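Next come the chains, spelled out residue by residue.
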Number of protein chains: 2
Amino acid sequence: MSKKKKYVYLFANGKADGKGTWKDLLGGKGAGLAEMTSLGIPVPAGFTITTDVCTEYYKNKRKYPAGLKEQVTDAMAKVEKAMGAKFGDSKRPLLVSVRSGARKSMPGMMETVLNVGLTSRTIPGMIVRSNNERFVYDAYRRLIMMYADVVMEKAAGIEPVDGHGIRHQLEHEMDRLKKGKGYKFDTDMTAGDLKRLADLFKKKVKEVLKKDFPDDPYEQLWGGVGAVFQSWNGKRAISYRKIEGIPEEWGTAVNVQSMVFGNTGIYSGTGVAFTRNPATGEKFFFGEYLMNAQGEDVVAGIRTPQPINKKQRGDSELLSLEEEMPKVYKQLMTIQKKLDTHYRDMQDIEFTIEDSKLWMLQTRSGKRNGAAAIRIAVEMVKERLISRQEAILRVAPNQLDELLHPMLDPAAEKKVTPLAKGLPAGPGGAIGQIVFTADDAEDWAKQGKKVILVRNETSPEDVHGMHAAQAILTAKGGMTSHAALVARGWGKCCIVGCGAMEIHSGKRELSVGGTTLREGDWITLNGTRGIVYVGKIALLAADPGKNPYYKTLMTWADQFRKIGVRTNADSPEDAALARTFGAEGIGLCRTEHMFFGPERIQAIREMIVAETLEARRKAIMKLLPYQRQDFMGILKAMKGCPVTIRTLDPPLHEFVTMDQKQVQELAVELGVTAARLNNRIAQLHELNPMLGHRGCRLGITYPEVTEMQARAIFEAAAELTRHGYKVYPEVMIPLVGSRTELAHQREIVERVAEEVKREKGKFPYTIGTMIEVPRACLVADKIAEVAEFFSFGTNDLSQTTFGFSRDDIGSFLPEYLEKKIIPDDPFQSLDQEGVGQLMAMAVKKGRSTRKNLKIGICGEHGGDPRSVEFCHRIGLDYVSCSPFRVPIARLAAAHAALTK
Amino acid sequence: MSKKKKYVYLFANGKADGKGTWKDLLGGKGAGLAEMTSLGIPVPAGFTITTDVCTEYYKNKRKYPAGLKEQVTDAMAKVEKAMGAKFGDSKRPLLVSVRSGARKSMPGMMETVLNVGLTSRTIPGMIVRSNNERFVYDAYRRLIMMYADVVMEKAAGIEPVDGHGIRHQLEHEMDRLKKGKGYKFDTDMTAGDLKRLADLFKKKVKEVLKKDFPDDPYEQLWGGVGAVFQSWNGKRAISYRKIEGIPEEWGTAVNVQSMVFGNTGIYSGTGVAFTRNPATGEKFFFGEYLMNAQGEDVVAGIRTPQPINKKQRGDSELLSLEEEMPKVYKQLMTIQKKLDTHYRDMQDIEFTIEDSKLWMLQTRSGKRNGAAAIRIAVEMVKERLISRQEAILRVAPNQLDELLHPMLDPAAEKKVTPLAKGLPAGPGGAIGQIVFTADDAEDWAKQGKKVILVRNETSPEDVHGMHAAQAILTAKGGMTSHAALVARGWGKCCIVGCGAMEIHSGKRELSVGGTTLREGDWITLNGTRGIVYVGKIALLAADPGKNPYYKTLMTWADQFRKIGVRTNADSPEDAALARTFGAEGIGLCRTEHMFFGPERIQAIREMIVAETLEARRKAIMKLLPYQRQDFMGILKAMKGCPVTIRTLDPPLHEFVTMDQKQVQELAVELGVTAARLNNRIAQLHELNPMLGHRGCRLGITYPEVTEMQARAIFEAAAELTRHGYKVYPEVMIPLVGSRTELAHQREIVERVAEEVKREKGKFPYTIGTMIEVPRACLVADKIAEVAEFFSFGTNDLSQTTFGFSRDDIGSFLPEYLEKKIIPDDPFQSLDQEGVGQLMAMAVKKGRSTRKNLKIGICGEHGGDPRSVEFCHRIGLDYVSCSPFRVPIARLAAAHAALTK
């Protein structure tokens, strides 16, 4: 009853032993070939040696399992029959390719040998069959070169130094021959030249590798198979697997397939096509081909490929395949429709026409841009090919970015050389004239000019100029530097940490390497990729609101997601904008940006230099009417959605950054001596402001600040409630690390709430805290006793968990990423292993003492799809992100719900 | 069979219902009185109402349990019999005191009423009995004042505003009477005056509180008892309990005890004494007394107390009790010996002589200084009173500090007013002349002057001056600021964060409030308490090596402790010193301090400005011979004990702190332009250096630094091994947060080790890491895969876990401590709840992947007793601290082992 284990899976003549879903056993490529064959699509016959063989090969000291040889011979016989040719035959010789094929594509990591089966015995037959001597010898010399390199040199255990291996030496032979004949291109070589070259190659191989190039087809075949298996554990493949997290034990399959040729004459050709337009998503067969050519010729770009059909041809002079070979085209149309429907996804297909016969070589899911991804997904639902759930999962959340911001025209961008590269802090494209100060940015913009503000780094005092500029470019800072945060909040294009750029503010110049740019020079930024260009590059406008497919998809996403999506917004304008993007509340309203208006900052500064509690209280209370107005606007704009307002967070010295002239002026205004003011400023200086006197530490040492802010919030809430508006303020205390800190601030806020209720009437509210230092996670059970909600501030939590200052990581992060010390910038995508572990702990502990604790995230990660999925997984109630990330977060949340 | 619950415990006539160990039931005071009574010591008879009554009182809406009244009446009858007097009797009236007494002493938190039982009926009898009318009326007016305040006002539910309660009003009455008569002291009042005053008091009480002062003794008694129980839930008591962690349900007992009086005439008196000398520990009865006085008179300091015996009297003019009342003294001697032996500890006793009869009022364990604690503990072992284990536990580890550093003479210090207060960063006392720069400190010291270096803060460039100074005083910084760390490492007196001090370096002046001090002025520092004095105060020298009791105790401690004690030392001198203190290895050898010598810093600076890898490598390799020499010295000094050497940790900008003149000079030396040098310095500037490019991040971006350091360590190790020395270097990589970081550095260190072994011969070594960011704890299992040891860097771990910069907490920490937001400075005593949770996690995770992982701590906490006990509890192998803390850590480790 013992049944021999099956190692070889045939695909031939419309029948395949395997299936499209058996990728684990057959690899991706083998499964695809089997599936197409079963669908009745013309695929050159062949067979797949399974991944099991690879595993056993390594288990058994690089020996093949018993029975493999027989199964291969057996399969080859069936392939021969299907193709009407015979491997090694002198009359009708069959040639095969030997290719790797792992479960997941590992492009370029493993070996391939083509034209296997060309020997002194089969060459004449091939010449007769193809009636093309040059073609045959060209194939032969390619085989020798590839085989010597991939199989023989490796088998000899030779490690070529600096690429000076056998391939290099054979290329040198070819160059010598071409030079001797005065040829420029490989194609200049005649059949005779190529025949001579093959002889020279074989001689060289023998000389260098001390072995003859094999003239036996099966020796060639097994050499190729062995080379593929060996390459699974080659250096390149191993390091690629490590990076991609592909387990070693998966192994690779080997595909042995009959060769077909698109370069045998004028009735042959080769092409690539998409079943739908990958740029727009329109359902329209779209592709390119070349007659009498091999696949590499289409890619090489020496000849201009022709359009696949009349619709695509338009006014072009180039004939389309539809016109040139209407029968083949019709067959191809049928096949592509079948594949599109069968795979229920837009396919990227490769085909070859050999002497008027169409062969399909590959089909796989096609790459597409954001707009196309959305349209294809939505239309496929309408075509009843896929479900709404599937449609949602077909669009990567980050692909929405392309729809939300103006983008550089990819075609135009391709033609220009980048000037410099930085971190892609704010997506989209922007064009503008360089200015070096915030004031200039504002002035120039008022004159109707488009400017890009270029700074070493930005500070809260630059905000007016940043707002006026088309985009912001800084030499320093990371993904969560001031510039990055502000720009992202506005959906503005921004590149930070562009370290190659030296700024000479005095001269109003910047230089990168040898290039110097001056104030007023035009530059273009690709904020999505972090690239700076000199001059202007065309922009494509963004209009998601007008895109019906986008709207449909987002509606579906909202139906399936389980987690709320809020926005971070500090002004009524941002709040209103975010609502158009679908935000269901404000997860973070920072109050400190509100303090920078001229009258306001004056009051803050008065407070800072005040000598007595009364003076301090008097100064801070001047801000009350402004703050109340701010909160009225935001609460009104959010129409009863929750609005989480954070009390003052930044260290006080941020409000007194100024030069000596300003100090003199301020001293006069405040009625103190400049010396005293300078003293106070010096006192406020901190060595590590990130870890300094900020957050609730301010509210605890200056309770009157919390008191004023609570009063402003509650007076606004009471006033609006009295006028019939629905409001839902949530007061959030920042940087809490212990129960006592929050309890202290809570007492103040509750007292003020009671006072305002008595004075002005009722309103709802809750009190909670940001969780943004590790200690808060460790004692979350205790903190939750006095918090109605938690909101993870993952920017600061990442800073403290890693001990990384996001303002200073520029000096080592690039090297960390390059050396794979860390997989991602932890300020872009949440570090789930470390920071995430703390978050999960905080969720569990927090809910252990308060079951209905509401938990969200308001760090920058709230708009990162992978991080959103993580937040869903650990049970958060909502994520909050900048307005322009809201749609992305909505889609990511739907993904999370559907893939859980 | 139902037995009534016993609520009242009698002590009278040499018999007591209770025992000294029943503190839970009787409170500390009640248990002590019962014990003394049972020992046959003359104690005024009385009874204790148990803590159970307090509990039931609060359970039953402030009602006493049934039967209590009867039990009290019953006990009172027995007390009356024992004292030969009767409560409320007109002839032989008995007066009692009503005092609280919880399990743990809560000094001043609860109420007391004395002289209960004085009424219009009993006063005449008291006058006859005492033959002292003035005494009786004085007692009476005191009773009225106390009772009105403690019992009547509280019962009336009146909350006095700003202390303007009944007591204040009665005091006002008394002042008016004294003023009218022209009296200065209370004692000037005659019997008649006091009688009149009592009448005035009663009138005022009636007027204000609308109730008569009770003239019934039992009404007074129950009023007092009620007041004590009520005070258990008074505001003061509640907040005290919260702070001290005393559970509410413990409740307080009430002690009702016969009054005895030391102020009834010339055969009466009162005193306090110690069974052994609390300053030296010598076994020698030691105390003070006053004739015809009450306890408060001894404390008040109006009269000079007399010595208790001839030995103590010496040449004084004051007679001793031994001479004045030899019989009473003899009795007292017997009693004190009995108490000392019975309690097996030095006792602090209170006694009263009433008409030649000795009464003992209290005995408790006496406070003592460090030297005394040690001597008493060691001698009591020799006297077979206690075991070695008990002796160890009798000495608080921090008490050793007094023996290890010169201290201010407490008597002299008491007489001087402090100038300012800061944080006690380096213990001991120091006297010196003020200097304001490190260079001045060095120059003056060379001239034989004693100086104290006063700075806003210190940096590595000040180290030579800090070393030359007697002590260091800074206006800024916390307990782990640069000044604090360096000073503690040297065992040098240091006060930091003295915020009241303004330094005018230009004028060479400092001012505190109105006081201005100039360069050369003398000041004295108490580094143990953080106090600055103007002028010179006498110092007491330290000589632990000559103290045989200290030596004996430390030998015992080493026998019992389970955890190793190492030291943090960066030089052979420190290493040798630490060995004399008992260090068993070096837990942290910082290498960066070694870089500040003139040739060395030059090489570092060359490296920093180097443009190419070769130039950088060349510069850094100049340090190799210096570093090798450093390590030779330290490895040799530690004689085969493990030496943990940390690779370069601080950010590079610490090496290029300089003014423009220095920049110019350095630029010339390095052969670069000043502009380029300035640019590089600006590039190195960091906003949050604590979280910046430092630790292993340096070693990863500049692998050549790690390589040089590893080579220096291993060449030193190989060289010494070849010469027959035993060495055990442990290479420690700082600031690791992920496995990949450590793996990267480990690869370099291992490669260099192999190279050096091939070149110079064998040596042992291990590789490990500091655990000092939260992420390292969270992924400790993965890190342990590539670490042979962990060493907790709890300074940085506390900074990152809290998000506190130790350099900047000065601005809010004092307020945090005052408002009880946090219980302790987390940089002094480990935050066990938060940081400790991470440590415990790291220990567990680390050992889950490497069973024999060696784990220690090298943060400042390694010398803090509570932290050492915590480290023992979570299973650390050793603690490491600055040399002068080593004995403290050894003793703390023994405590931990004995109390686990």
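Residues numbered from 1 in each chain as written. Chains lettered and ligands numbered in written order. Predicted model: local features only at pLDDT ≥ 70, side-chain atom pairs only at ≥ 80, totals over all residues. Heavy atoms only, no water.

> Mind showing me how you'd approach the overall build of chain A here?
Along its length, chain A carries 37 helices and 34 strands. By principal-axis analysis of the C-alpha atoms, chain A measures approximately 105 × 70 × 55 Å. Once local pairs closer than 6 in sequence are excluded, the contacts in chain A between residues at least 24 apart make up 67%. Within the structure as shown, chain A displays about 37500 Å² of accessible surface, and the carbon and sulfur contribution to it stands at 51%. In chain A, 128 positive and 110 negative side-chain charges are present, and the distance between their average locations comes to 6 Å. (Helix = DSSP H or I, 4+ residues; strand = E, 2+ residues; numbered from the N terminus. Contact = heavy atoms within 4.5 Å. Areas by Shrake-Rupley, 256 points an atom, 1.4 Å probe, with all protein chains shown as cover. Lys, Arg positive; Asp, Glu negative; His and termini not counted. Charge placed at Lys NZ, Arg CZ, Asp CG, Glu CD.)

> How should I be thinking about the packing of aromatic side chains in this particular structure?
Two numbers describe a pair of aromatic rings. These are the distance of the centres and the angle of the planes. Going through the model one piece at a time under the given rule, you end up with 44 aromatic pairs over all chains. Each ring, one from Tyr64 of chain A and one from Phe229 of chain A, has its centre 6.1 Å from the other, and the planes form 55°; the classification is tilted. Of this pair, Tyr64 of chain A sits in the loop between helix 2 (51–59) and helix 3 (68–83) while Phe229 of chain A sits in helix 8 (residues 217–232), and the two are 165 residues apart along the sequence. Note on Tyr64 of chain A: relative accessible area 30%, which makes it partly exposed. What makes Phe229 of chain A buried here is its relative accessible area of 0%. Taken together, a centroid distance of 5.2 Å and an interplanar angle of 80° make the contact between Tyr57 of chain B and Tyr58 of chain B edge-to-face. Residue class for Tyr57 of chain B comes out buried when judged on its relative accessible area of 4%. (Phe/Tyr/Trp six-rings, centres within 6.5 Å; stacked < 30°, edge-to-face > 60°. Buried < 20%, exposed > 50% of the residue type's maximum accessible area, 1.4 Å probe, protein only.)

> Can you walk me through the nonpolar core in this structure?
Generally speaking, nonpolar side chains in soluble globular proteins are found buried as a group. Judged by nonpolar contacts, the single largest core of 283 residues is most densely connected at Phe714, Phe792 and Met839 of chain A together with Phe714, Phe792 and Met839 of chain B. The contacts of Phe792 of chain B, once residues within four sequence positions are left out, are Ile771, Cys777, Leu797, Met839, Ala842, Val843, Ile855, Gly856, Ile857, Cys858, Gly859 and Leu876 of chain B. (Core = buried A, V, L, I, M, F, W, Y, C linked by side-chain atoms within 4.5 Å.)

> Please clarify how the pairing of strand 20 (residues 493–496) of chain B should be interpreted in this entry.
Strand residues, when the strand is regular, have side chains that alternate between the two faces of the sheet. Residues and elements named next belong to chain B. Covered by surrounding structure in strand 20 are Cys493 and Ile495 together with Cys494 and Val496, the residues of both alternating faces. The sheet contact formed by strand 16 (residues 423–426) and strand 20 spans 3 bridges and is antiparallel. Within the sheet, the bridge partner assigned to Leu423 lies in strand 20 and is Val496. Pairing of strand 19 (residues 471–474) with strand 20 involves 3 bridges; the strand directions are parallel. Its bridge partner lying in strand 20, Ile472 is registered against Cys494. (Pairing = 2+ DSSP bridges.)

> Explain the sheet that holds strand 22 (residues 509–512) of chain A to me, please; I cannot follow it from the model alone.
Remark on secondary structure: sheet strands pair via backbone hydrogen bonds, oriented parallel or antiparallel. Residue and element names in this part refer to chain A. Strand order in the open sheet made by the 3 strands is 21-22-23, with antiparallel pairing throughout. Strand pairing shows two members of the sheet lacking a second neighbour, strand 21 (501–504) and strand 23 (515–518), which therefore form its edges. Across the sheet, the mean angle separating the axes of adjacent strands is 20° when strand polarity is ignored. In the sheet, strand 22 pairs with strand 23 via 4 bridges, with the strands oriented antiparallel. Residue pairing across strands places Ser511 opposite Thr516, the latter belonging to strand 23. (Axes fitted to C-alpha atoms, helices over the stretch in contact; angles between N-to-C directions.)

> Explain the environment of Asp175 of chain A to me, please; I cannot follow it from the model alone.
Residue and element names in this part refer to chain A. For Asp175, the location among the structural elements is in helix 6 (residues 166–181). Here Asp175 falls in the partly exposed class, since its relative accessible area comes to 44%. Residues Asp175 and Asp186, spaced 11 residues apart in sequence, show a C-alpha to C-alpha distance of 9.2 Å.

> Just checking my understanding: could you explain the packing of helix 5 (residues 133–155) of chain A against helix 8 of chain A for this structure?
Relative placement of two packed helices is described by the angle separating their axes and the distance separating the axes. All names here are of chain A. For the pair helix 5 and helix 8, the least separation of the axes is 10 Å and the interaxial angle reads 45°. What the angle tells us is that helix 5 and helix 8 run oblique. Along this stretch, helix 5 crosses helix 8, giving a crossing that reads as left-handed. Mapping the contact onto sequence places Leu143, Tyr147, Val150 and Val151 in helix 5 and Glu219, Gln220, Gly223, Gly224 and Ala227 in helix 8. (Parallel < 35°, antiparallel > 145°, perpendicular 65-115°, else oblique. Left-handed = near helix turned anticlockwise from the far one by under 90°.)

> Please explain the interface of chain B and chain A as it appears in this structure.
As a measure of interface size, the accessible area lost when the parts come together is often cited. On the chain A side, the residues contacting the 52 residues of chain B number 52 residues. Of the roughly 4500 Å² buried where chain B meets chain A, counting both sides, 53% is carbon and sulfur surface. For the pair chain B and chain A, the number of links is 6 salt bridges. Between Glu833 of chain B and Arg775 of chain A there is a salt bridge, with its nearest N and O atoms 3.2 Å apart. Put simply, chain B and chain A have 37 residue pairs in polar contact (both at pLDDT 80 or more) between them. (Buried area = accessible area lost by both parts, 1.4 Å probe. Salt bridge = Lys/Arg side-chain N within 4 Å of Asp/Glu carboxyl O. Polar contact = N/O pair within 3.5 Å; in protein donor to acceptor, adjacent residues only side chain to side chain.)

> Explain the sheet that holds strand 34 (residues 878–881) of chain A to me, please; I cannot follow it from the model alone.
All names here are of chain A. What the 8 strands build is a closed barrel, ordered 27-28-29-30-31-32-33-34; its pairing is parallel. Within the sheet, the average angular offset between the axes of one strand and its neighbour, ignoring direction, is 30°. Relative to strand 34, strand 33 (residues 854–857) is paired through 2 bridges, and the arrangement is parallel. Its bridge partner being in strand 34, Ile857 is matched across the sheet by Val879. In the packing of helix 30 (residues 739–760) onto the sheet, the strands contacted are strand 30 (728–733) and strand 31 (766–771), and the crossing angle to strand 31 comes to about 150°.

> For this particular structure, what's the right way to read helix 26 (residues 660–670) of chain A?
At 3.6 residues per turn, the α-helix brings residues three or four places apart onto the same side. Residue and element names in this part refer to chain A. Listing the buried residues of helix 26 in full gives Val663, Leu666, Ala667 and Leu670. Taken end-on, helix 26 shows its buried residues confined to a sector of 105°, consistent with a single buried face. Within helix 26, the exposed residues directed more than 90 degrees away from the buried face are Lys661, Val668 and Glu669. Tucked into the core, helix 26 has its buried residues touching helix 23 (598–609) and helix 27 (674–684). For helix 26, the capping residue at the N-terminal end is Asp659, with a side-chain oxygen 3.2 Å from the backbone nitrogen of Lys661. Of the residues one or two after helix 26, Gly671 is the one with positive phi, at around 70°. (Arc of directions from axis to C-beta.)

> Honestly, the side chain of Ser231 of chain A in this entry has me stumped. Any pointers?
Residues and elements named next belong to chain A. Relative to the helices and strands, Ser231 resides in helix 8. Look at Ser231 and you get buried, because its relative accessible area is 7%. Side-chain polar atoms of Ser231 contact the backbone oxygen of Val228, separated by 2.6 Å. Dropping the residues within four chain positions of it, Ser231 is found in contact with Met109, Met110, Glu111 and Ala237.

> Would you mind showing me how to read the relation of the copies chain B and chain A here?
Two copies of a chain can be linked by a rotation about an axis combined with a shift along that same axis. Between chain B and chain A, which share one sequence, the superposing operator has a rotation angle of 179° and an axial displacement of 0.0 Å; the RMSD is 0.3 Å. Considering both components of the superposition, the chain copies are consistent with a two-fold axis. Every residue of chain B has its C-alpha some distance from the rotation axis, and the shortest such distance is that of Asn688 of chain B, at 2.1 Å. Most of the interface of chain B is mirrored in chain A, where 100% of its interface residues again form contacts. (Least-squares fit on C-alpha atoms with pLDDT ≥ 70 in both.)

> Whenever I open this one, the environment of Leu698 of chain B confuses me. Can you help?
Residue and element names in this part refer to chain B. As for its placement among the helices and strands, Leu698 is situated in helix 28 (residues 696–701). When its relative accessible area of 3% is taken as the criterion, Leu698 is described as buried. For the pair Leu698 and Glu747, spaced 49 residues apart in sequence, the C-alpha separation works out to 15 Å.

> Help me out: how do you make sense of the side chain of Thr567 of chain B in this one?
Residues and elements named next belong to chain B. In this fold, Thr567 is placed in strand 27 (residues 564–568). With relative accessibility at 0%, the residue Thr567 sits in the buried group. Apart from residues lying up to four places away in sequence, Thr567 is in contact with Ala578, Ala583, Gly585, Ile586, Gly587, Leu588, Ser880, Cys881, Ser882, Pro883 and Val886.

> Can you help me understand the pattern of salt bridges in this one?
Per the counting criterion, the structure on display carries 132 salt bridges over all chains. When the shortest N-O distance is used, the salt bridge between Arg508 of chain A and Asp440 of chain A registers 2.5 Å. With a gap of 68 residues between them, Arg508 of chain A in the loop between strand 21 and strand 22 and Asp440 of chain A in helix 18 (residues 438–446) connect regions that are remote in the sequence. Between Lys819 of chain B and Glu815 of chain B there is a salt bridge, and its shortest N-O distance comes to 3.3 Å. When salt bridges that share partners are traced, they join Arg617, Arg628, Glu707, Arg711, Glu715, Arg751, Glu755 and Glu759 of chain A into one network.

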